[in-house]
Each structure stands twice: as C-alpha cells, then as structure tokens.
Amino acid sequence: MQIEMKNISKSFGPNKVLRDVNFSIHAGEVHALMGENGAGKSTLMNILTGLLDFDGGHILVDGQETRFKNALDAEHHGIAFIHQEMNNFAEMSVVENMFLNREIKKGFGMLDMKEMKKQAKAALAKLGADIPVDIPVGTLSVGRQQMIEIAKSLMNKTQVLIMDEPTAALTENEIAKLFEIIRSLKKQGVAIIYISHRMEEIFQISDRLTVMRDGLSVNTYMTKDTDVKQIVHDMVGREMGDFYPGRNPKFGEVYLKAEGLTSAGVFNNVNFEVHSGEVLAFSGLMGAGRTEIMRAIFGIDKLDSGKIWVKGKEVHITSPEHAIQNNIGFVTENRKDEGLILDASLSDNIDLPSIDGFVKKGFIDKKADQDFVNMLMKRLGVKAQSSKDAASSLSGGNQQKVVLAKWVGSGSQILILDEPTRGVDVGAKREIYDLINELTDRGTAVIMVSSDLDEVLGFSDNIAVVYEGKIQGEIATKDATQDKIMTLATGGELDE
Amino acid sequence: MNNTETKRKFNVGEFYAKLGPLAALLILVILVSVLNSSFLNVNNIMNLLQQISVNALIAFGMQFVILTAGIDLSVGSILALSGAFAAQMILMGMPPLLAFLVGMIAGAIFGAFNGLLIAYGKAAPFIVTLATMAIFRGATYVLTNGNPITGPKMNSSFSFQFLGQGYLFGVPFQVYIMIVLYAIAYLLLHKTTFGRKTYALGGNEKAAFVAGVNTKKLLILIYTIAGFLSAVAGMILTSQLASAQPDAGTGYEMDAIAAVVLGGTSLAGGKGKMFGTLVGALIIGVLNNGMNLLGISSFYQQIVKGIVILIAVLLDRKQSQN
C-alpha cells in the first residue's frame, strides 16, 4: 500500500496551520516525521487518519483519490494511529480493551470471551509479548500498554501504523524491544510513520525523514543521506526580526538558588540559580519537565528532594501561600485554568494575592484596594472599560497583563513566567517584554519558561535547556544559537 | 464562541439575578395579602418572622458553602444533634446559657468534621454531607433514645425559654438573633478578606490556590460556620419547643438550599449575595405561611415549594449560559 498526501492545506479560523504539505509513505518503510511543537505534525496525521477534514490538496491511496470520512473509515483502510496518550480504559482488562467496539459475539448478543482471549493471546504472541490478557490494562507498564495497542492494530490488518512519540515513556529495554517489533513489521510490509523528537532514535530506525516547520513540509531526505545538523537547521531555520526590545542587564545578588531538585519520574537533580536583574530562560521541548520544576518551586506540587534558597536563606516552600510570603510570583502556563477567575472582575483578580495587606480593623480598606488596582492597571496598560469588567471579557493579551499585574502588585522579587506570551498578539507581546525589562531594572529576578526559541534567544540573559527532566545544558544567551539549543533539547551534547 | 455578537438580548436569568428575588417576594406578598386579609396582621407577621429565623440562620451558613460550589446536606442533622446535646447538658444540671454555648460549639465541631473530610479527603461535598447527615441523625437517636428530651428544668427556666419563646418590644427574640447574625454574615462575606477568598475559591479553586489562598483552611472554616449556624438554629428550636426532638430539623437542608438559590446564588459557586439569601428565606417563609393561611394541604405545599425551587434553578442555568 502506498499513500501520497499532496499539497494539503488546513486552517483553523484565520490560522493557516498547514500550507501545501507533501508527504508520502509506502509499504515496508519507516518514515520519520520531525518538527518543533506546533509545526503541524499532529494536524497532518489527524487529517490522514480522518480525525480532521482538510481544506485543500489530495490524498492518494494506491493512486486513487480518497477522503476519509472519519477515524473508523481510515481504520477500515488499514490506517492506525497510536497516540502519545494512549486511549486505554485502565480499569478494563487487556482483552476487553483489545476488542472494544469490535467484540466477538455468540448468539443472543452474548460475548464470546473464549474466542476473544484466544485471538488476543495470538496477536500478543506474534509480537513476542508475554502479557496476561485478564488483568486490567492500568496495572501494566506504559511499554506493555503500547504492545497491546500495536497488537490491537495488527489484529485489524493495519497497513499503515502511525506512532506519536512512542518511546517517550519507555525504558531502554522496552525501546529495544519496540524497535525489534518495528523492524519485523517492516518485513511484513507494514508502513510506519514515526513521530519523534529524539534524533538518535530517528537515525537508528527510519528510512526516510520529513521535517515540518510552521505548517510547511520543509524537506524530505533519505535518512542515510543526511545528518543531525541539517535536520536541526531545517527544524528551526527561520529569520529572527528585531522584534525584541533587547536586554541590558545589571546582575545583583543571587535571588533564587535551586540544588538537586528531584520529583521521581518527573525531573531529576535540577540545579540552577538566578540573580537579581536577570532573565533566565528555560527552554526545551514540551513535556521536558520545565513547568513541573516551576510548579514544585512555587509549592503547587511536592518535591521529593532538593534545596531552595531565596536571597541566601534556605526555604521550605510547601504551598503557593508560602511562596508568596517569600516574594515569589508565578504566572502559570494556562491563564484560564490557573491564572484567572474568569467570571470575577479585574479588580478581584488583581488584588487577590495581595488582599491580606489591605485589611484595616478587620475589614478590607476599599479605597486603598481600589487605588492599588487602578495603579496596577495603568502601569501595565490593561485595556478595559473599568476594573469591574469580568476577566473573561478581555483579549488574551490583556488577560495576561492582568495576571502579570497580580504578581507585580504582590511585590514579587522572583517572578516565574511560564509561557508569558503564549496566545498573546504581537503588540501586547512587546509591552510584556518592556514590562519585564522594567522589572529587572528594578532588581526583580525573572525565570521565563518558553517554548518559543525566538523569544528565548531574543529576550533572555542565560538559557537553561531542559531535556527529560534534567538540565541538559546552560548557555549564556549571547553564545547561544537555535542549533545549539535544539541539540540540547533533543538530548544531544555541545561539542566545545 | 462568538465574539462579534454585540447585540444584547434580554436575558430572563440575568434579570432574575439582579432584581428577581426582591420582585418575586413583593409579588408573593401582594398576592397572599389580597387572597387572605389576615396575612398582614401584626400577629401573623411576627409569627412569620419567627418561622423564618431558623431557616434564615441555616441559609446564611449554606450561602458560604454554596459559594464554594459545595453543598451541606447535614445541617438539619447538626441542628438536631447539637440541640439534643444541649438539652442533655441542661438535664444534667448545666445552666441553660452555658449549655447553649456548648451546643453551638458542638455544632461548629460537627461542621469542621465535614470540612476536614471535604478539604483533606478531597471528597465531593454532596456525598460527605449525605453520609454525615445520616451519622449525625443516627447519633441524635442514640443520644435521645428516640424520645424527646425534656424536663421540668426546661419548662420553668426563664433563660432557657427566652431564646425561642421570648419577646422584646413585641418582636420575637430569635428575630433579633437572626438580624444580628445576618449583619455579621453580611460583613464577613462582603467586607473581609475571608469573603473575598470565598468568592475566589468558588470562582476558580485552582487559580485561588495559586494566588496564595489557603483553600483547605478556608473550606474547613466555611463548613464550620455552616455547622455553627445550624446549631444556633438548633438552640432556638429546642427552646421554642421546650424539648429536643430526635427528628428536629428533618428536611431543613431543603429550605436552606432553596433560600440560597431563590436568592440568586449560583450553585456553580462564586456568585451570589448575602442579601439575596435573606430575601430567599423570606420568600420561603411567606410561601409557607401564605399556603397555611390559604388552607392548602401540606401535601400540596411540598409540590409548590419543589416547583418554585425548580424555577429558580432553571433561571440560574439560563443566567450562567450567557
């Protein structure tokens, strides 16, 4: 079987997420699909598997124009998608999961468990996986759950198997096992689309390789004819405008120091320090553990071990309340979920972390509180009719300014910003950078977690690159390039 | 998602949230007084206020709970248990005022127990308080042996009887208690950081937590308040009946929740005013009193009350859809 996707385009509202993308796959080949987060890989695969419709272009299956109506239709054509987050039902048994929605029945609608177990065992045996079929899937390791997914798709006579970051949660042994299976599937003529960020694996397992960037398919190579450097360049290679206001830092004392921060299975032995006046960027791919490190520092999640010093004094932060007392502020990644009370007024959002400071004789001093809110809204340039407006009525950029106002108002000297400009329009972005400059000029230490490489390179003093829960490397921004960061972010080492 | 739509349609739900409770109360009062002239009689009004006090007190506590998107079904059982507790103390020779105090503290502890389970057990308030409703009621039956607790000390003691039976300047004493506690609840909710944090917790618990609100402590305090106010109502009722009844307060959670919802507070949390709850309690009171005056059978009364609550809930849904 051969599939060709030609000039595929797709928009979500005004956003063009795919533009004239070309991609092909034929029987018995492993084709790797690479690109930064948001490059369009998932959208392309969702189109191929019938989960999304497309606006323009053609899909040819064995030369014949095809448009899958839905996921089931694609499945009938022999295309299977193993998602990164597996859609298993943890409480149901292995066999129940494998036959979900395609149960074998005897008369009167009764399930034929015996036959299903037989077939499930056979499918697993083919993969050399020795897994009992009666136990709940949730009790198995991620690697074994993946085997089950693969076995399930093989039972359906899959001809094209799409794997999204299949090794993300596997141990080395499990990865070796998975590669063995992939090679044997290849021999049986199955085509495999392999999505991964891990360079090493890509070069180990793939025959061809396509790089996507900003909704375009940049290049397709025979894996043996290319190298990591080329791929990294294709992944990040775009021009950076002089969009950033520039940094002119004056470092003071160390405001926050972390040593050996560990949370089992999430991040491991994280060490760093950030000075007064510094912007320390945390770069890395999605899921590398950056956000989790910050959440633990702020007391939202628990640390297993490690030490934190604020201005040279060791602190044991166990809750956000406690972090705020230590003058730490945290602009979370997801402002609608954790940053704002959407139905509440701007005023009620902005003064929340500081409200205890406005108590006079047991009651809230309304006037002082209102003056405080007005001052902050003016200082941050929040565009709204009145401070009584609901937070939900503002644009993304203005909402983000409201979240920032909260933490500027609470007097944070250490400010953690997780994706501070995500979903923010260009004008508001610039204002946010200007504000960060103003804050660091006054001595605030800023930690900026960002998935936007341009932003990291354009607006920070030092860059810590996180890979799989550890800091793979730290570089001064003036010495950093996109290639260097990408190399670190995909688990590589820098040469010098 | 349609940001371009600027035309604002008249929204029944939104209107009700703003002015509805007061308007509904007014219409109800006019309707009942037209249908039965003795409704506006001073004696009846005093009677009405007396009836309202107990429910209003419970509803003030329920208001805090519902603002956090929670619910407390155990209020009626707490009322009974703390009442029985105080009555037992009096029988054993404790001065009534002290016994009332002990009973109210007991109620606060029962409420704190709810709060602990909800905050630390991360259990759904509905289930926790459904369970403790049964536990506290069962404990009341154990304590009372299933019989009313009463005795000569209760029938003769002035300080015992004044709370639920006494009048001051022609107004039942319990009405003063209700007014004072309303004022405190109002100030607490609308003028202190405690109230602000309650709204924040109900509006978005995660965001409130990240902003430094000690959400666990707050939840425990709120359920403690609900328990305390139920116990105050329990003391009043015990005094009024000169006995602690094992089945006192059965079904009272219904009237309290109804008062809060009729007062325009959203069951989804984060929205609602204490004044609305006071009006809601008045609506329930007038409804009960009016139906009694009109001679409507208590069977039908239940149906009418249920329908009124349904209408209020549907209006609440309409408002939040906007």
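This one's a predicted model, so the numbers in the text were calculated from it and none came from an experiment.

What to know about the domain arrangement of chain A
Residues and elements named next belong to chain A.
Item 1. If you check the domain split of chain A, you get domain 1 (2–236) and domain 2 (254–489).
Item 2. When domain 1 packs against domain 2, close to 820 Å² is buried across both sides, 58% of that on carbon and sulfur atoms.
Item 3. Summed over the shared surface of domain 1 and domain 2, the number is 0 salt bridges.
Item 4. For the interface between domain 1 and domain 2, the tally reads 0 residue pairs in polar contact (both at pLDDT 80 or more).
Item 5. The residue makeup of the side of domain 1 that touches domain 2, split by class, is 3 nonpolar, 3 polar and 2 charged.

Observations regarding helix H7 (residues 158–165) of chain B
Item 1. Every buried residue belonging to H7(B) is among B:Phe160, B:Gln161, B:Leu163 and B:Gly164, and all of these are buried. Projected down its long axis, H7(B) carries its buried residues within an arc of 150 degrees, all on one side.

Regarding the sheet that holds strand S2 (residues 15–26) of chain A
Backbone-to-backbone hydrogen bonds pair the strands of a sheet. The strands run either parallel or antiparallel.
All names here are of chain A.
Item 1. Pairing in this open sheet of 4 strands is antiparallel, and the strands run S2-S1-S4-S5 from one edge to the other. This sheet does not close on itself; its edge strands, each paired only once, are S2 and strand S5 (64–65).
Item 2. The sheet contact formed by strand S4 (residues 56–61) and S5 spans 2 bridges and is antiparallel. By the bridge assignment for S5, Val-61 is matched with Gln-64.
Item 3. Of the strands in this sheet, strand S1 (2–12), S2 and S4 touch helix H1 (residues 41–48), which is tilted by about 120 degrees from S1.

So, the nonpolar core
Item 1. Counting residues in each nonpolar core, the largest one holds 126 residues, and the members touching the most others are A:Met98 and A:Ile150.
Item 2. There are two domains that each give this core at least three residues, and those are domain 1 (2–236) and domain 2 (254–489) of chain A.
Item 3. A:Met98 has contacts with A:Ala120, A:Ala123, A:Leu124, A:Ile148, A:Ala151, A:Lys152 and A:Met155, leaving out every residue within four places of it along the chain.
Item 4. With 89 residues, the next largest nonpolar core counts B:Val232, B:Ala233, B:Ala242 and B:Leu262 among its residues.

Some remarks on the packing of aromatic side chains
All names here are of chain B.
Item 1. Per the stated rule, a full pass over the model turns up 12 aromatic pairs over all chains.
Item 2. On the numbers, 6.1 Å between centres and 40 degrees between planes, the contact of Tyr-182 with Tyr-186 is tilted. You can see Tyr-182 and its partner Tyr-186 sitting in helix H8 (residues 173–191), 4 residues apart, about one turn around the helix.
Item 3. Judged by its relative accessible area of 14%, Tyr-182 falls in the buried class.

Thoughts on a nonpolar patch on the surface
Residues and elements named next belong to chain B.
Item 1. There is a patch of nonpolar side chains on the surface, built from Leu-31, Leu-35, Leu-294, Ile-296, Phe-299, Tyr-300, Ile-303, Ile-307 and Ile-311 and spanning about 930 Å² of accessible area.
Item 2. Residue contributions to the nonpolar patch peak at 5 residues, all from helix H14 (residues 298–321).
Item 3. By the secondary structure assignment, Ile-296 is in the loop between helix H13 (274–293) and H14.

Topic: unusual backbone geometry
Generally, phi is negative for residues other than glycine and the peptide bonds are trans, each holding for most cases.
Item 1. Unusually for a residue other than glycine, A:Glu468 sits at a positive phi of about 45 degrees.
Item 2. Along the chain, A:Glu468 turns up in the loop between strand S21 (462–467) and strand S22 (470–476).
Item 3. Residue A:Glu468 is classed as partly exposed on the basis of its relative accessible area of 42%.
Item 4. The phi dihedral of B:Lys122 falls on the positive side, at around 50 degrees, and the residue is not glycine.

Observations regarding the confidence of the model for chain A
Predicted coordinates in areas of low pLDDT are best not read in detail.
Item 1. With 97% of its residues at a pLDDT of 70 or more, chain A has an overall mean of 87.
Item 2. No element of chain A has a lower mean pLDDT than helix H8 (residues 228–236) of chain A, which averages 79, and none a higher one than strand S20 (residues 445–449) of chain A, which averages 95.

The rules behind the values
Residues numbered from 1 in each chain as written. Chains lettered and ligands numbered in written order. Predicted model: local features only at pLDDT ≥ 70, side-chain atom pairs only at ≥ 80, totals over all residues. Heavy atoms only, no water. Domains from an automatic or database assignment. Buried area = accessible area lost by both parts, 1.4 Å probe. Salt bridge = Lys/Arg side-chain N within 4 Å of Asp/Glu carboxyl O. Polar contact = N/O pair within 3.5 Å; in protein donor to acceptor, adjacent residues only side chain to side chain. Nonpolar A, V, L, I, M, F, W, Y, C, P; charged D, E, K, R; others polar. Buried < 20%, exposed > 50% of the residue type's maximum accessible area, 1.4 Å probe, protein only. Helix = DSSP H or I, 4+ residues; strand = E, 2+ residues; numbered from the N terminus. Arc of directions from axis to C-beta. Pairing = 2+ DSSP bridges. Contact = heavy atoms within 4.5 Å. Axes fitted to C-alpha atoms, helices over the stretch in contact; angles between N-to-C directions. Core = buried A, V, L, I, M, F, W, Y, C linked by side-chain atoms within 4.5 Å. Phe/Tyr/Trp six-rings, centres within 6.5 Å; stacked < 30°, edge-to-face > 60°. Patch = residues over 30% accessible without salt bridge, like charges linked within 9 Å, V, L, I, M, F, W, Y side chains within 5 Å. Areas by Shrake-Rupley, 256 points an atom, 1.4 Å probe, with all protein chains shown as cover. pLDDT = per-residue confidence, 0-100.

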